[in-house]
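# Notes for the structure review
In case you want the letters, here they are:
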Amino acid sequence: MKWFLVISLVLNLALGFLLLKGGYLSNQQRIQEKDAEEYPYLSKRIFVENPNDVIINFIPLRNSLNSYIDSLDEFVALYFEYLPSGTSIGINEKEELRLSSLGKVPIAMAAYKLIAEGKIRPEQELMIEQEHIDKQFGDLWKKGVGAKITIEEAIRLSLTDSDNTANNLLLANLPGREVDKVFESFDIPKNKNPEEDFPVISVKNFSSILRRLYLSSYLPEKYSNKVLEILTQTRFTDQIQGGVPKDILVAHKVGVFELKNSIKSVFRDCGIVYVPKGPYILCVMIQSDNTTASKIITEISKIIYMYVSQIKSEFYIP
């Protein structure tokens, strides 16, 4: 009788595994058919219960990145996260520096939050005032004072062209503390530089903003997907995007600011790389000149892509 019970238990476990596997794959197929087309930039795990993560050995990748960065003279901060499992690699990932143009992403999220709540309209027109004009990045300033664009046009220009005038215009027309609410929702301390009054943030903290977009845990699916879609259309195609094949989508935002009393600047590129069955977040910050920074970030991107693109997984929900 005891042997009979043992054999029955083994057979039941085996049958249960087969049924679970079949159910999982059929569920995955339904997800792909129903949701991938409508929200291609969001995680499929949003639409399923109890998604399984993939266990993969990232130690060789960690060693490769450490070896490469140790060989450099420049200071580099890096945060990588493999989205199917949440496995991460960090190098100086908690080092905080001025947020710079990456701050345009939470500003866009604050705007879409208000749109989703019906408090503002995407087609609502905004008029450029003198205080909005900034010639450093983007061409909107050329339209001059009195020109009008819609809220949605301002969002798009601020993300695709990193247009400072569009960003200033958008920020000036958002109700007070709306951007602060984005940071507070992510539990990210919005510290200030006491000399310049600029927010500072680490590459690891900024990755949480991208993750919340990917998992649609702050904005409704429609608007999370919209922000990520716009970020795939940026005109800045070097750095992270330069390290992956042209057919791989990258939703990313670059940022740069000059250091005081230094010939170097701080360059950042943070985004989601949509490798099929293996999307990941990569955020890199480097103190260097423009040419060197672009070359190093591209090489880091290439190292990670070459490793991740070789991963094979049967059980996958990004």
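Structure's up top.
Okay, so let's go over this structure. (Residues numbered from 1 in each chain as written. Predicted model: local features only at pLDDT ≥ 70, side-chain atom pairs only at ≥ 80, totals over all residues. Heavy atoms only, no water.)

We now examine the overall build of the protein. If you tally the helices and strands in the protein, you get 9 helices and 10 strands. Evaluated residue by residue, the protein yields a buried proportion of 49% over its 318 residues. Taking the intrachain contacts of the protein between residues at least 6 apart in sequence as the baseline, contacts between residues at least 24 apart amount to 68%. Looking at the protein as shown, the accessible area adds up to about 16100 Å², and 51% of this sits on carbon and sulfur atoms. (Helix = DSSP H or I, 4+ residues; strand = E, 2+ residues; numbered from the N terminus. Buried < 20%, exposed > 50% of the residue type's maximum accessible area, 1.4 Å probe, protein only. Contact = heavy atoms within 4.5 Å. Areas by Shrake-Rupley, 256 points an atom, 1.4 Å probe, with all protein chains shown as cover.)

Owing to its 3.6 residues per turn, the α-helix aligns residues three or four sequence positions apart on the same side. The terminal C-alpha atoms of helix α3 (residues 104-116), which comprises 13 residues, lie 18 Å apart, in line with the 18 Å expected from a rise of 1.5 Å per residue. Every buried residue of α3 is accounted for by Lys-104, Val-105, Pro-106, Ile-107, Ala-108, Met-109, Ala-110, Ala-111, Tyr-112, Leu-114 and Ile-115. In this fold, the buried residues of α3 make contact with α4 (151-160), α5 (164-172), α6 (178-185), α7 (203-214), α8 (221-231) and β8 (250-258). Count one or two residues on from α3 and you reach Gly-118, which has phi positive near 75 degrees. (Expected span 1.5 Å × (residues − 1).)

As summarised here, the arrangement of the 5 strands in space is β2-β1-β10-β9-β8, forming an open sheet in which the pairing is antiparallel. The open sheet has two edge strands with one neighbour each: β2 (87-91) and β8. Neighbour to neighbour, the strand axes of the sheet diverge by 5 degrees on average, direction disregarded. Here β8 pairs with strand β9 (residues 265-273) via 9 bridges, running antiparallel. Each residue of the ladder has a partner; that of Glu-258, found in β9, is Ser-265. The sheet contacts of helix α2 (residues 59-70) involve β1 (75-82) and β2, and relative to β2 the element is tilted by about 15 degrees. (Pairing = 2+ DSSP bridges. Axes fitted to C-alpha atoms, helices over the stretch in contact; angles between N-to-C directions.)

On to α5. Buried within α5 are the following residues: Asn-164, Thr-165, Ala-166, Asn-167, Leu-169 and Leu-170. Where the residues of α5 are buried, they touch α3, β4 (125-127), β5 (148-150) and α4.

On to the pattern of salt bridges. Considering all chains together, one arrives at 7 salt bridges under this definition. Of the charged contacts, one joins Arg-121 and Glu-123 as a salt bridge, the two residues approaching to 3.2 Å between their closest N and O atoms. Here Asp-161 and Arg-235 are joined by a salt bridge, their closest N and O atoms 3.9 Å apart. With Asp-161 in the loop between α4 and α5 and Arg-235 in the loop between α8 and β8, the pair connects residues that are 74 residues apart, well separated along the chain. (Salt bridge = Lys/Arg side-chain N within 4 Å of Asp/Glu carboxyl O.)

The next subject is unusual backbone geometry. Glycine aside, residues mostly have negative phi, and peptide bonds are mostly found in the trans state. Unusually for a residue other than glycine, Ser-216 sits at a positive phi of about 50 degrees. With respect to the secondary-structure elements, Ser-216 resides in the loop between α7 and α8. Even without glycine at this site, Gln-239 takes up a positive phi of about 55 degrees. Assignment of secondary structure puts Gln-239 in the loop between α8 and β8.

Attention now moves to the packing of aromatic side chains. A complete count under the given rule lists 7 aromatic pairs for this structure. A ring pair is formed by Phe-58 and Phe-80, whose centres lie 5.6 Å apart and whose planes are at 55 degrees; its orientation type is tilted. Residue Phe-58 is located in the loop between α1 (2-35) and α2, and its partner Phe-80 is located in strand β1; the two are separated by 22 residues in the primary sequence. Across the pair, exposure class does not vary: Phe-58 and Phe-80 are buried alike. Taken together, a centroid distance of 5.1 Å and an interplanar angle of 55 degrees make the contact between Phe-58 and Tyr-82 tilted. Of the two residues, Phe-58 sits in the loop between α1 and α2 while Tyr-82 sits in strand β1, which places them 24 residues apart along the sequence. (Phe/Tyr/Trp six-rings, centres within 6.5 Å; stacked < 30°, edge-to-face > 60°.)

Judged by how many residues are buried, strand β10 (residues 280-288) sits mostly within the fold: 8 of 9 residues are covered. Where β1 lies against β10, 8 bridges are found, and the strand directions are antiparallel. Following the sheet pairing, Ala-77 is matched in β10 by Met-285. By the bridge criterion, 9 bridges tie β9 to β10 in an arrangement that is antiparallel. Among the inter-strand pairings, Ile-272 is bridged to a residue of β10, identified as Ile-281. Linkage of β9 to β10, two consecutive antiparallel strands, is achieved through a turn of 6 residues, within which Lys-277 is found at a positive phi near 60 degrees.

In terms of nonpolar packing, the biggest core is built from 59 residues, with Ile-155, Phe-206 and Leu-228 touching the most fellow members. Counting residues per element, this core draws most heavily on α3, which supplies 9 residues. Non-local contacts of Leu-228, meaning those with residues more than four positions away in its chain, are made with Tyr-41, Leu-42, Leu-213, Tyr-214, Ala-251, Ile-272 and Tyr-274. One finds Phe-58, Phe-267, Ala-293 and Ile-303 within the second-largest nonpolar core, a separate group that totals 33 residues. (Core = buried A, V, L, I, M, F, W, Y, C linked by side-chain atoms within 4.5 Å.)

Bringing the pairing of β2 into the picture now. With 5 bridges connecting them, β1 and β2 associate as antiparallel partners. Among the inter-strand pairings, Tyr-82 is bridged to a residue of β2, identified as Thr-87. Counting the residues that bridge the hairpin from β1 to β2 gives 4 residues, and of these Gly-86 lies at a positive phi of roughly 85 degrees.

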